[in-house]
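# Residue-level structural notes
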Amino acid sequence: MSATLTPRVTGIDPRGPRVGAALTAVLLVGVLLLGDSRLATALLALVAASFARGASGGVGATWQAWLFERLVRPRLAPPTALEDPRPPRFAQLVGLVITALGLVLGLLGVTWAVPGAAAVALVAAFLNAVFGLCLGCELYLLGLRVRTRRA
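The protein chain is annotated in an unreviewed UniProt entry as DUF4395 domain-containing protein from Cellulomonas avistercoris.

Structure representation (C-alpha cells):
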C-alpha cells in the first residue's frame, strides 16, 4: 500500500474569480480616479492586501469570494464545471506583486507608481471580469508547460 504525495485538488466555481475581478476592477478605477493622493495609495494597499489573502489562502479566502458566495452564487444555477484553484491562486500572487511594487514605490515617492500599478492590474482584472481571460492563470499554465517539457 503506497500513499499518494500529490494533494487532492478540489474545484472552484469559475464565476467566483470573475466576480472578484470585477470588484477589484472597481477599486482599481477608484485608485486611478483619485490620482496621486494618500487615499489612492490607501486604496491600492487594500487591493494589495486582498491579493495577499488570495495568494496565501486561495481565491475562496478573499472578501470578494465571501460576497460571491453569499450574494451572487445563491441566485445562479450550479456551475456546469469546476476549475482548478491553483491558476487563480497564482494569478492572485501576480496581482500582489504588481500592486505591492506600486505601493512600495509610491511610498518611496515615485509619483507614477501607484496609478501605474493600478492601471496594469486594472487591465488584468477587466479582462478576467469581462472576457474570462485570466492573465495570471495563463502565466501559470505557461510555466507548467515549460516545467513539464524540462522534466
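## Some thoughts on helix α6 (residues 135-150)
Here α6 is 16 residues long and its end C-alpha atoms lie 23 Å apart, about the 22 Å a rise of 1.5 Å per residue gives. Those residues of α6 lying buried are Gly136, Cys137 and Tyr140. Burial along α6 is one-sided: seen end-on, the buried residues are contained in an arc of 100°. Exposed residues lying more than 90 degrees from the buried face of α6 are Arg149 and Arg150. Those residues of α6 that are buried are in contact with α4 (86-107).

## Examining the environment of Leu93
Along the chain, the position of Leu93 falls in helix α4. Counting along the chain gives 43 residues from Leu93 to Gly136, while the straight-line C-alpha distance between them is 8.2 Å.

## Regarding the nonpolar core
Counting residues in each nonpolar core, the largest one holds 16 residues, and the members touching the most others are Leu28, Val31, Leu44, Val47, Val114 and Ala118. Secondary-structure elements contributing two or more residues to this core are α1 (15-34), α2 (38-57) and α5 (113-131). Looking at which element gives the most residues to this core, the answer is α5, with six residues. Not counting the four nearest positions on each side in its chain, Leu44 is found in contact with Leu28, Val31, Thr99, Gly102, Leu103, Val114, Ala117 and Ala118.

## Focus on the state of the cysteines
In a disulfide, the sulfur atoms of two cysteines are covalently bonded to one another. Taken as a whole, this structure holds one disulfide when the rule is applied. One disulfide in the model links Cys134 with Cys137; its S-S distance is 2.4 Å. Given an S-S torsion of about 70°, the disulfide between Cys134 and Cys137 has right-handed geometry. Judged by its relative accessible area of 10%, Cys134 falls in the buried class.

## Thoughts on the UniProt feature "transmembrane region" (unreviewed entry) in the protein chain
According to UniProt, the "transmembrane region" (unreviewed entry) feature falls on residues 20-47, 93-114 and 120-142. The span residues 20-47 is 89% helix and 0% strand, and its two end C-alpha atoms sit 11 Å from each other. Along residues 93-114, the helical share is 77% and the strand share 0%, with 18 Å between the first and last C-alpha atoms.

## Considering the packing of α2 against α4
Running from amino to carboxyl end, α2 crosses α4 at an angle of 150°, the nearest separation of the two axes being 8 Å. Comparing their axes, α4 and α2 come out roughly antiparallel. Where α2 crosses over α4, the handedness of that crossing is left-handed. Touching Thr41, Leu44, Ala45, Val47, Ala48, Ser50, Phe51, Ala52, Gly54, Ala55, Ser56 and Gly57 of α2 are Arg89, Gln92, Leu93, Gly95, Leu96, Thr99, Ala100, Gly102, Leu103 and Leu107, all from α4. Residue composition of the contact of α2 with α4, by class: twelve nonpolar, nine polar and one charged.

Parameters at a glance
Residues numbered from 1 in each chain as written. Predicted model: local features only at pLDDT ≥ 70, side-chain atom pairs only at ≥ 80, totals over all residues. Heavy atoms only, no water. Helix = DSSP H or I, 4+ residues; strand = E, 2+ residues; numbered from the N terminus. Expected span 1.5 Å × (residues − 1). Buried < 20%, exposed > 50% of the residue type's maximum accessible area, 1.4 Å probe, protein only. Arc of directions from axis to C-beta. Contact = heavy atoms within 4.5 Å. Core = buried A, V, L, I, M, F, W, Y, C linked by side-chain atoms within 4.5 Å. Disulfide = S-S within 2.5 Å. UniProt positions renumbered as here; feature names shortened; annotations may be inferred. Axes fitted to C-alpha atoms, helices over the stretch in contact; angles between N-to-C directions. Parallel < 35°, antiparallel > 145°, perpendicular 65-115°, else oblique. Left-handed = near helix turned anticlockwise from the far one by under 90°. Nonpolar A, V, L, I, M, F, W, Y, C, P; charged D, E, K, R; others polar.

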